[in-house]
Amino acid sequence: MPSRRPRLVRRDSAGELSAALAQLRADLDLPTAFSAEVQAEAEAAARSVPVDPAAAGVDDLRDIEFLTIDPEGSLDLDQALHLERTPAGAVLHYAIADVPAFVAPGGAVDDEARRRGQTIYAADGRIPLHPAVLSEDAASLLPDQDRRAFVWRFELDDQARPVATTLRRGVVRSRARWSYIDAQGAIDAETGPASLAALAWFGPLRSAREAERGGASLNIPETRVVSDDGRYRLEREASLPVEEYNAQVSLLTGMAAAEIMLRGRVGILRTMPAADPDDVAAFREQTVALGVPWREGVSYGDYLRGLDRSQVVTAAIMDAAASLFRGAGYVAFDGEPPADPLQSAIGAPYAHTTAPLRRLVDRWSLVVCEALANGRPVPEWARTSLPELPRIMGRSDGVAGRLDSGTVDRIEAAVLSGRVGEVFDAVVLGVRGDGARVQIAEPPVSAKVAGLSAPAGSVARLRLESADIASGTIVLTP
């Protein structure tokens, strides 16, 4: 039987894996280093963009005690928050990196960012949207530094519903950079700053508001690629509560941005159509077959939130549920709003607006919203280029998705290399054509098994026949 210890890629396979990952980058034609022209323009912007509020002509908001919460070691910090409880509820300030201050429309940095679309996260090193002198330094909301930002202010009632929203540009100064693990520890021990304590109040209430909207967060445990001294391993784990709380801050902001743009009749939304009724009916039948029926009168989101994540069968249900979240895209408009503006998984209109260091479209959302929120015309460069964004982001999302799946496939094969002939227990997630998709618990590997006929949620005994690192192909047989 396989060990329960997380498996690193064997040293004698590390070289083959590195070559396979490099070839994957080449096959996808991923960008490499920034050109000298782009780098020079970014360095000039980092030196010349003023951070003194008077010189920049923006508000001085450095007295607000912002903090950031990100994965350990992150330097490209897009967001900082300050959340303060009040007798009526709370006041949330959410600062977003003012990337537009550093990127000249039509300049070299802008052109390269449009070519890239977003920061691409690869196992063997990320491919940033902007040069590091901006994304990890001058434009990043690093602690104890004066930084340019778009600052949202939400007045919240006692149920964390926004009752008033403003948006302005300013200079901020973050007080601390928290990792998710440390922030969760401080929340649990009640030793963190007031903003973290208030976040633990905010997150569950915003999840309740999500349920009221009919939204549904899958919160499927992620398979993460972890690098350790040039070797890789896979870890599959659920997110921490503070990650969900933090995500709710971003969701609130994205919904506010969509509302501003719809009211102003210009902007770009992140949309997702409602699930096809036939797909919903098929999913409901699957839940019955799995012994955890989705009963009539219970909303889709409430059903998912009520699942016991410790049960083996839940993995199969969540895998089937993910198939309903399809068709996400971007819709730009100038004049008549889109006929269907909803992001169905969120249960409301929504816009990407909180990660401009890492995602191109957010730069437009921020500029458009700030102008509309303050009664000014939308800058012409942003307005005229809106129609280009859905194509750019769609292409970039496709590349990122292919890189992610291809990377995981190759690392899964590398983790299993040298173990041909071993037998593994795996949960059957569901039937896929002439076979079934399965999830091995340890190492956390998913694969399709041809010829496997077994009900979803059951446990299958599978023998590893081959694991090809170059192609990321794993062959398992019952």
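Calculation notes
Residues numbered from 1 in each chain as written. Predicted model: local features only at pLDDT ≥ 70, side-chain atom pairs only at ≥ 80, totals over all residues. Heavy atoms only, no water. Helix = DSSP H or I, 4+ residues; strand = E, 2+ residues; numbered from the N terminus. Buried < 20%, exposed > 50% of the residue type's maximum accessible area, 1.4 Å probe, protein only. Core = buried A, V, L, I, M, F, W, Y, C linked by side-chain atoms within 4.5 Å. Contact = heavy atoms within 4.5 Å. Phe/Tyr/Trp six-rings, centres within 6.5 Å; stacked < 30°, edge-to-face > 60°. Lys NZ or Arg CZ within 6 Å of the ring centre and 35° of its normal.

Explanation requested: the environment of Gln286 in the structure shown.
Positionally, Gln286 belongs in helix H9 (residues 277-289). Residue classification places Gln286 among the partly exposed positions, given a relative accessible area of 33%. In this structure, the C-alpha to C-alpha distance between Gln286 and Thr68, residues 218 residues apart in sequence, is 41 Å.

Explanation requested: the nonpolar core in the structure shown.
Proteins that are soluble and globular tend to have nonpolar side chains buried together. Within the largest apolar cluster, 56 residues are counted, with the highest numbers of intra-cluster contacts made by Ile69, Leu81, Leu83, Leu92, Trp152, Leu199 and Phe202. Among the elements that take part in this core, helix H8 (residues 241-264) stands out by supplying nine residues, more than any other. Beyond its immediate chain neighbours, meaning those up to four positions away, Ile69 contacts Leu81, Trp178, Ser179, Tyr180, Ala183, Leu196, Leu199, Val242 and Asn246. With 27 residues, the next largest nonpolar core counts Ala20, Ala447, Ala454 and Ala467 among its residues.

What is the right way to look at the packing of aromatic side chains in this model?
Working definition: an aromatic ring pair is given by the centre-to-centre distance plus the angle between the planes. Overall, the coordinates contain seven aromatic pairs when judged by the stated rule. Taken together, a centroid distance of 6.3 Å and an interplanar angle of 75 degrees make the contact between Phe283 and Tyr303 edge-to-face. Highlighted residues: Phe283 in helix H9 and Tyr303 in helix H10 (residues 300-305), separated in sequence by 20 residues. Side by side, Phe283 and Tyr303 carry an identical accessibility label, which is buried. Among the aromatic residues, those joined into a ring-pair cluster are Phe283, Trp294, Tyr300 and Tyr303. Sitting over the ring of Phe34, Arg116 keeps its end group 3.8 Å from the ring centre.

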